[in-house]
Amino acid sequence: MKFQGSDNYVATQDLMLAVNAAITLKRPLLVKGEPGTGKTMLAEEVAQSLGLPLLQWHIKSTTKAQQGLYEYDAVSRLRDSQLKDVDGGERVSDINNYIVKGVLWQAFTADQPVALLIDEIDKADIEFPNDLLREIDRMEFYCYETRELIRAKHRPVVFITSNNEKELPDAFLRRCFFHYIKFPDAETMKHIVGVHFPGLKQELLAAAMKTFYDVRNLPGLKKKPSTSELLDWLKLLVAEDIPLEALQSKDDKVAVPPLVGALLKNEQDVTLFEKLVFMQRNNR
Ligand SMILES: Nc1ncnc2c1ncn2[C@@H]1O[C@H](COP(=O)(O)OP(=O)(O)O)[C@@H](O)[C@H]1O
Ligand SMILES: [Mg+2]
């Protein structure tokens, strides 16, 4: 099993190395990076190119580790027991009918190797990663209700992503192979855009990229636009048929680029950007 990149996804050399290192070490790959730098998509693409089904677990602030293992649906069982006459009470007597399997259970008991994505682990509370240490390490857990040990038939290829909103515990980090997706440089970004918009005019791309990196480099920006925002913006520029001239600053005037709402997501950032444009205009 080796990941070599894919047609839809631009993977840098060091990212491919990291993916393959994690597979070799049989450790989860912990991918960090700004939102929109392709962390979730990486898991999808690796799974696809290795021919593995992908099980996804999207973490929220309320997600508990136990939900990834299983949950015991006592409420349904109680209700069924009250309606017992209907099916003779057969269903109620078997507790297995009320165990709701989580993604880890499904991944562990799948007949073929699978890929498992634990997406945005930093959304959960601080105990969450610690609660999964043993399961991730030993690839097994115990179901108390049915008194069975669920052990992985095949070790899944595990991806864990984080937007860096919270620090992760050391004991957890020790068990992962780590990779930080650096924000793509202009060259890599051109490849990424090329994947999404193969026929884009070079001049338009160059002008849009210049504006994009100018915006990103504005000091004091609250939320820097990332890859996905650039792609959104380009999509709009193409759809609205925005002429190249609208993006290029002429000698006598510099203008706020059209549809900047695709790049800047709060009013302070827009104001900051307008100020800069205004100052540039006055300096000429
Ligand atoms: N390396 C890349 N190659 C191709 N598309 C990319 C790449 N990085 C980001 N994208 C684009 O950006 C979008 C957002 O990526 P996503 O995986 O959701 O980011 P994250 O999970 O890091 O927030 C993707 O849907 C894809 O269109
Ligand atoms: Mg994501």
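Residues numbered from 1 in each chain as written. Chains lettered and ligands numbered in written order. Predicted model: local features only at pLDDT ≥ 70, side-chain atom pairs only at ≥ 80, totals over all residues.

Looking at an unreviewed UniProt entry, one finds the protein named MoxR family ATPase and attributed to Variovorax gossypii.

### Some thoughts on the nonpolar core
Quick reminder of the rule: Linking buried Ala, Val, Leu, Ile, Met, Phe, Trp, Tyr and Cys residues through C-beta atoms within 7 Å yields a set, and such a set is a nonpolar core. Here the C-beta atoms are placed from the backbone, and a residue counts as buried if at least 20 other C-beta atoms lie within 10 Å of its own, exposed if 12 or fewer do, and partly exposed otherwise. Secondary structure is summarised from DSSP: a helix means a run of H or I of at least four residues, a strand means a run of E of at least two, and numbering begins at the N terminus for each. Residues are treated as contacting if the C-beta atoms built from their backbones sit within 7 Å of each other.
Counting 37 residues, the largest nonpolar core has Ala115, Leu116 and Phe159 as the members making the most contacts within it. Those elements that provide at least two residues to this core are helix H1 (13–25), strand E1 (29–32), helix H2 (39–50), helix H3 (65–69), helix H6 (103–109), strand E5 (115–119) and strand E8 (157–162). With sequence-adjacent residues up to four places away left out, Leu116 is seen in contact with Leu55, Val103, Ala107, Pro156 and Val158. In this structure, Val193, Phe212, Leu263 and Phe273 belong to the second largest nonpolar core, which totals 11 residues.

### Looking at unusual backbone geometry
One non-glycine residue, Lys26, lies in positive phi territory at about 60°. Examined against the element boundaries, Lys26 turns out to sit in the loop between H1 and E1. On the neighbour-count criterion, Lys26 (12 C-beta atoms within 10 Å) is exposed. The residue Met139 is not glycine, and still its phi comes out positive at about 60°. You can see Met139 is positioned in the loop between helix H8 (133–138) and strand E6 (140–143).

### Topic: the site of ligand 1
Which entries qualify depends on this criterion: For each residue, a C-beta atom is positioned from the backbone; the residue is called near a molecule or strand if that atom sits within 6 Å of it. Residue ranges assigned to each domain were obtained from an automatic or database domain assignment.
The environment of ligand 1 is made up of 16 residues, and the closest members are Gly38, Lys39, Thr40, Met41 and Ser228. Of all the secondary-structure elements, those providing two or more residues to the shell around ligand 1 are H2, helix H10 (186–196) and helix H12 (227–239). Of the residues that make up the shell around ligand 1, three or more belong to each of domain 1 (13–180) and domain 2 (186–283).

### A closer look at the pairing of E1
Cut-off, in case you're wondering: A strand pair is defined by DSSP finding two or more bridges across the two strands.
Examined bridge by bridge, E1 and E8 share 4 bridges and lie parallel to one another. Within the sheet, the bridge partner assigned to Lys32 lies in E8 and is Ser162. Bridge count between E1 and strand E9 (residues 177–180): 4 bridges; the pairing is parallel. Within the sheet, the bridge partner assigned to Val31 lies in E9 and is His179.

### Considering the domain arrangement of the protein
Here is the rule we go by: Residue type decides the class: Asp, Glu, Lys and Arg count as charged, Ala, Val, Leu, Ile, Met, Phe, Trp, Tyr, Cys and Pro as nonpolar, and the leftover types, Gly among them, as polar.
Domain assignment breaks the protein into domain 1 (13–180) and domain 2 (186–283). Its C-alpha centre places domain 1 at a distance of 38 Å from the equivalent point of domain 2. Listed as interface residues are 5 residues of domain 1 and, on the opposing side, 4 residues of domain 2. In terms of residue class, the side of domain 1 that touches domain 2 is made up of 1 nonpolar, 3 polar and 1 charged.

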